[in-house]
Amino acid sequence: MKLNIYKDKQEVAEQFSEFLAERIKQSTGKLNVSLSGGSTPKVVFDYLAEKFSYLDWSKVNFFWGDERCVPPEDEQSNYKMTVDHLFSKIDIPQENIYRIKGENNPDEEADAYGETLNKVLPLANDIPEFDLIILGMGDDGHTASVFQSNIHLWDSSNNCEVAVHPESGQKRVTITGKIINQAKEVAFLVTGADKKEKVDTILKGDEVSKSYPAGLVSPSSGELYWFLDESAVDKSYH
């Protein structure tokens, strides 16, 4: 686990953008990246579009770790947020974008997206392998759209599952634990004081941490990065 702690959300976004840009520059083939929704990735996308539009974006295949079951033009869509803040501002081939179709039947789309991962990504241990999965974490300890209330989805044998948000009841399509932990690299982007309690619990890595989906993230590669701002983590880690 590699902890990277920065002053604020903007610095987290800038430093993670540098991290991602370096991997794009170094990549000799296709770089397969799974994106996250949320407020911190929005700042990341803005910074990438501003500072790194010159990169060869045709080298990157973009996927999503989860998506709300809404149409692609809906304000809640992770895909729409990425288009608005990144894709509309860089030169990326449309065929490099593999969106979760939130407007489709959720169960059918979970199966279809799982099949897309099987077809497009290289397989390792018979599991689709991302080069990089970007994750957020909710103040309840959820990641992707695996919540405490449906934590059993983490251990699903399927690549993707349909999750239900515990409060809104909204359906979402999410990748499962086996996909996350098979990735070559996993990066958490977590900012804000409301995340601090769960971050501290999860970084301890004890049995309590395993009761939260974010505490189950443990890629077999060992390449787990945390990009945090100072307010999201106990001072003892600074």
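The structure this text deals with has already been given above.
Residues numbered from 1 in each chain as written. Predicted model: local features only at pLDDT ≥ 70, side-chain atom pairs only at ≥ 80, totals over all residues. Heavy atoms only, no water.

A. Inspection of the overall build of the chain at higher detail. Along the backbone of the chain there are six helices and 11 strands. Here the chain has a C-alpha radius of gyration of 17 Å; the compact-globule value for 238 residues is 18 Å, and the two agree. For the chain, the spread of C-alpha atoms along the three principal axes comes to 45 × 40 × 35 Å. Taken across its 238 residues, the chain has 56% of its residues classed as buried. Here the analysis covers contacts within the chain between residues at least 6 apart in sequence; of these, 77% occur between residues at least 24 apart. For the chain, the exposed surface amounts to about 10,400 Å²; the carbon and sulfur share of it is 44%. (Helix = DSSP H or I, 4+ residues; strand = E, 2+ residues; numbered from the N terminus. Rg over C-alpha atoms; globule rule 2.2 N^0.38 Å. Buried < 20%, exposed > 50% of the residue type's maximum accessible area, 1.4 Å probe, protein only. Contact = heavy atoms within 4.5 Å. Areas by Shrake-Rupley, 256 points an atom, 1.4 Å probe, with all protein chains shown as cover.)

B. Examining the packing of aromatic side chains more closely. Evaluated as defined, the whole model comprises 14 aromatic pairs. Relative to Phe52, the ring of Tyr47 has its centre 6.3 Å away and its plane inclined at 65°; by these criteria the two rings are edge-to-face. For the pair formed by Tyr47 and Phe52, the shared burial category is buried. Taking the centre distance of 4.7 Å and the plane angle of 5° together, the rings of Phe63 and Tyr98 count as stacked. Residue Phe63 is found in strand β3 (residues 60-64), and its partner Tyr98 is found in the loop between α3 (78-85) and α4 (106-120); the two are separated by 35 residues along the sequence. By relative accessible area, which is 0% here, Phe63 ends up buried. By way of ring pairs, the aromatic residues Tyr6, Phe16, Phe19, Tyr225 and Phe227 are connected into one cluster. (Phe/Tyr/Trp six-rings, centres within 6.5 Å; stacked < 30°, edge-to-face > 60°.)

C. Broad picture of helix α6 (residues 196-204). By the burial criterion, the buried members of α6 are Lys198, Val199, Asp200, Thr201, Ile202 and Leu203. Where α6 is buried, its residues contact β1 (2-6), β10 (185-190) and β11 (224-229). Just downstream of α6, Gly205 is the residue with a positive phi angle, here 70°.

D. Looking closely at the nonpolar core. Phe16, Trp57 and Trp226 are the most contacted members of the largest nonpolar core, which totals 71 residues. When residues of this core are assigned to their parent elements, the largest contribution, seven residues, is made by helix α1 (residues 9-26). Excluding its chain neighbours within four sequence positions, the residues that come into contact with Trp226 are Met1, Lys2, Leu3, Asn4, Met137, Phe188, Val190, Val199, Ile202 and Leu203. (Core = buried A, V, L, I, M, F, W, Y, C linked by side-chain atoms within 4.5 Å.)

E. Examining the pattern of salt bridges more closely. For the coordinates displayed, the defined rule picks out 11 salt bridges. Salt-bridge contacts for Lys7 lead to Asp8; the nearest nitrogen and oxygen are separated by 4.0 Å. Of the charged contacts, one joins Lys80 and Asp84 as a salt bridge, the two residues approaching to 2.6 Å between their closest N and O atoms. Of this pair, Lys80 and Asp84 both sit in helix α3, four residues apart, which is roughly one turn of the helix. Connected through salt bridges with shared partners, the residues Glu75, Lys80 and Asp84 form a single ionic network. (Salt bridge = Lys/Arg side-chain N within 4 Å of Asp/Glu carboxyl O.)

F. Structural detail: the pairing of β3. With five of its five residues buried, β3 lies for the most part within the structure. Taking every second residue as pointing to the same face, both faces of β3 are buried, with Val60, Phe62 and Trp64 on one and Asn61 and Phe63 on the other. In terms of strand pairing, strand β2 (residues 31-35) meets β3 through five bridges, oriented parallel. For Asn32, the partnering residue across the bridge sits in β3 and is Asn61. In the classification by handedness, the crossover that spans β2, the intervening helix α2 (residues 39-51) and the parallel β3 is right-handed. (Pairing = 2+ DSSP bridges. Right-handed = clockwise from strand over helix to strand, strands pointing away.)

G. Geometry of the packing of α1 against α2. In contact at an axis separation of 8 Å, α1 and α2 are set at 60° when each is read in the N-to-C sense. Put simply, α1 runs oblique to α2. Note that α1 runs across α2; the crossing there is right-handed. Facing Lys9, Gln10, Val12, Ala13, Glu14, Phe16, Ser17, Glu18 and Leu20 of α1, the residues of α2 in contact are Ser39, Thr40, Val43, Val44, Tyr47 and Leu48. Here the contact of α1 with α2 is built from residues that sort into eight nonpolar, four polar and three charged. (Axes fitted to C-alpha atoms, helices over the stretch in contact; angles between N-to-C directions. Parallel < 35°, antiparallel > 145°, perpendicular 65-115°, else oblique. Left-handed = near helix turned anticlockwise from the far one by under 90°. Nonpolar A, V, L, I, M, F, W, Y, C, P; charged D, E, K, R; others polar.)

H. Here's a closer look at the sheet that holds β1. Taken together, six strands build an open sheet; the order of strands is β1-β11-β10-β7-β2-β3 and the sheet is parallel. A strand with exactly one partner marks an edge of an open sheet, and here the two such strands are β1 and β3. Here the strands of the sheet are splayed against their neighbours by 20° on average, with no regard to which way each runs. One ladder, built from five bridges, connects β1 with β11; its direction is parallel. Counterpart to Leu3 in the pairing with β11 is Trp226.

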